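Overview (structure and organization)
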Amino acid sequence: MSKIMDRKTLNRFYDKSFFLIGIFATSISLIFLLALLLDILADGMGRLGWQFLANYSSRKPEEAGILSAWVGTVWIMVLTGGIAFPLGVSAAIYLEEYSRKNWLTDIIEINIANLAGVPSIIYGLLGLGLFVRLLNMERSVIAGAMTLAILVLPIVILSTREAIKSIPPSIREASYALGASKWQTIRNQVLPSAMPGILTGVILAMSRAVGETAPLITMGALTYIAFLPASPISAEFPYISFQGLFDAFTVLPIQIFNWVSRPQKGFAIDAAAGIIVLLVITFVMNAFAIYLRQKYQKKIRW
Amino acid sequence: MDNSAFKIEDVNVFYGDKLALDDVNMEISPKAVTAVIGPSGCGKSTFIRCLNRMNDLIPVFRIEGKIKFNGIDIYSKDIDVIDIRRRIGMVFQKPNPFPKSIYENTAYGLRIQGIRNKSKIEKIVESSLRKAAIWDEVKDRLHQSALSLSGGQQQRLCIARAIAVEPEVILMDEPCSALDPIATAKIEDLITELKNEYTVIIVTHNMQQAARVSDYTGFFMMGKLHEFDITKKIFTAPSNKMTEDYITGRFG
């Protein structure tokens, strides 16, 4: 009798202790994140302000700002998305819907999965060799965006394929049975239903791209520039200009990296303020991804 | 006699190496209901999916023999599959409306044909929903999501969607197996209604259903068509021992 009681108490004890271990493990990561946030906020909050966003970097820490960095980040973000989205989605549609299963597509699939795990600095070397040197693009915005687009392409392809796979076959059958062609079925049924999943993947891929430093430094993005890429819209004819694509640029992570490596205390504060801006950008993008997913999940039920 | 809708000649179907249909010969009458019955895995779904080339979507599928629709072999090289599927509509086991409005579901088949004329589409949508006996239930909420309908309503919407492209044949693959008895009764009434205009072929698990709605019945087992005759004869005086055992519930 007492032995059975012991067993029960022991089981209850295991149950409780695992619960505690779980809480402990969860709170460690939370505590570190919180500590990091608080530390950065305490350091950098004072420097944040209109001036910080509107000034170029400077020799004097109090006057330094992140104008060229955040504008560069926005440029890179938009261009990377603009390149990676159509390429990645098309590749995923091809692999999922059109390609025949044979050894060639097997190799392609394995390689795409592997590419997602390649260290980002390798992509920087690729960008340097291919875009900057071979294609003579210099250290331009477009070269940087293409490098990052290749970096996130595997992520976009994989998440798009997952989204397409999750569309029930019954929807395709319904479409085919009414006399729809393959492309009509993809265009009208598969893509609209897969879009929330695809968009979520693309946004997450882009928030990864925004935080990347190594590949851009490798390909030679500048750390200090005191001008912006030429604006894409102008008041005079022809209103739209692509000149900015070929200008030099810097991005937030590079600017932050540059500041933390300086000895002066003031730059550490600038770096903290820059980190806050970068975090806000990635948080906003992640929140947007979650919002999209929620919104469409409510709309589509099978 | 060549007024049959389908003439199936010496058809063998393989999935990879597996023989799924074994030397099937059958003539299906137009404007009548033909039921296909048999135990699970006997090939009845495979059979009906051959008739509108839905099996083409399965990579390992292979067919031998001829399936003639109005005298033309639908598996010959110069046949347009898309045209075949438009002329031979299909309703599936589980209601599968698109995640769109009721109106857009019904109009989809017209839109993919490139029909843009709004009043024409509206007219066809209404007449299709009427023919599928669902108009009165949905006329006030045509622009709500089709997924807000009940299962039985969804299935009738799927029938309306198939009717909208003006097919000559409607294939039904166990259309009531996911529905309750009341919804089933409504679909059965509808099937009897539909045979005035369409050739209907229905696969069913439910022998009473075959007896109630069909004019002809084919009994499949292990990929073979064991018996094919007038429904009344199949259910009262089957000539095949296997058929008799099946319909009297000795197995299946």
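Here we summarise the structure given alongside this text.

Focus on the overall build of chain B
Within chain B one finds 10 helices and 10 strands. Radius of gyration (C-alpha) of chain B: 18 Å, near the 18 Å computed for a compact globule of 252 residues. Counting all 252 residues of chain B, 46% fall into the buried class.

Examining the environment of Gly 211 of chain A
Residues and elements named next belong to chain A. Inspection of the secondary structure assignment puts Gly 211 in helix 8 (residues 182–211). Residue Gly 211 is classed as partly exposed on the basis of its 16 C-beta neighbours within 10 Å. A sequence separation of 35 residues divides Gly 211 from Tyr 176, and the C-alpha atoms of the two residues are 43 Å apart. Other than its neighbours up to four places away in sequence, Gly 211 contacts Pro 253 and Thr 282.

Points about the interface of chain B and chain A
Counting residues at the interface gives 19 residues for chain B, matched by 16 residues for chain A. Going through the elements one at a time, helix 2 (81–87), strand 6 (88–91) and helix 3 (102–111) of chain B are the ones with two or more residues in the side of chain B that touches chain A. For the side of chain B that touches chain A, the element with the highest residue contribution is helix 2 of chain B, accounting for 3 residues. Residue composition of the side of chain B that touches chain A, grouped by class: 11 nonpolar, 4 polar and 4 charged.

Quick word on the nonpolar core
Counting 80 residues, the largest nonpolar core has Ile 170, Leu 171, Val 200, Ile 201 and Ile 202 of chain B as its most contacted members. Of the residues forming this core, the biggest block, 7 residues, is contributed by helix 6 (residues 151–164) of chain B. Apart from the residues within four sequence positions on either side, Ile 202 of chain B is in contact with Val 33, Ala 35, Met 172, Pro 175, Ile 191, Val 213 and Ser 214 of chain B. Core analysis: the next-biggest nonpolar cluster, separate from the first, contains 61 residues, Ile 93, Ile 157, Ile 203 and Ala 272 of chain A among them.

A look at helix 6 (residues 141–165) of chain A
All names here are of chain A. Given a rise of 1.5 Å per residue, 25 residues ought to cover 36 Å, and the 35 Å separating the end C-alpha atoms of helix 6 matches this to within 8%. The largest bend along helix 6 measures about 40° and falls at Val 152, with the proline Pro 154 one to four residues further on. For helix 6, a buried count of 22 out of 25 residues is recorded, marking the element as mostly surrounded by other parts of the structure.

Thresholds, definitions, all that
- Residues numbered from 1 in each chain as written.
- Chains lettered and ligands numbered in written order.
- Predicted model: local features only at pLDDT ≥ 70, side-chain atom pairs only at ≥ 80, totals over all residues.
- Helix = DSSP H or I, 4+ residues; strand = E, 2+ residues; numbered from the N terminus.
- Rg over C-alpha atoms; globule rule 2.2 N^0.38 Å.
- Buried ≥ 20, exposed ≤ 12 C-beta atoms within 10 Å, placed from the backbone.
- Contact = placed C-beta atoms within 7 Å.
- Nonpolar A, V, L, I, M, F, W, Y, C, P; charged D, E, K, R; others polar.
- Core = buried A, V, L, I, M, F, W, Y, C linked by C-beta atoms within 7 Å.
- Expected span 1.5 Å × (residues − 1).
- Bend = angle between axes of the 7 residues up to and from the residue.

Keep in mind these numbers describe shape, not what the thing actually does.
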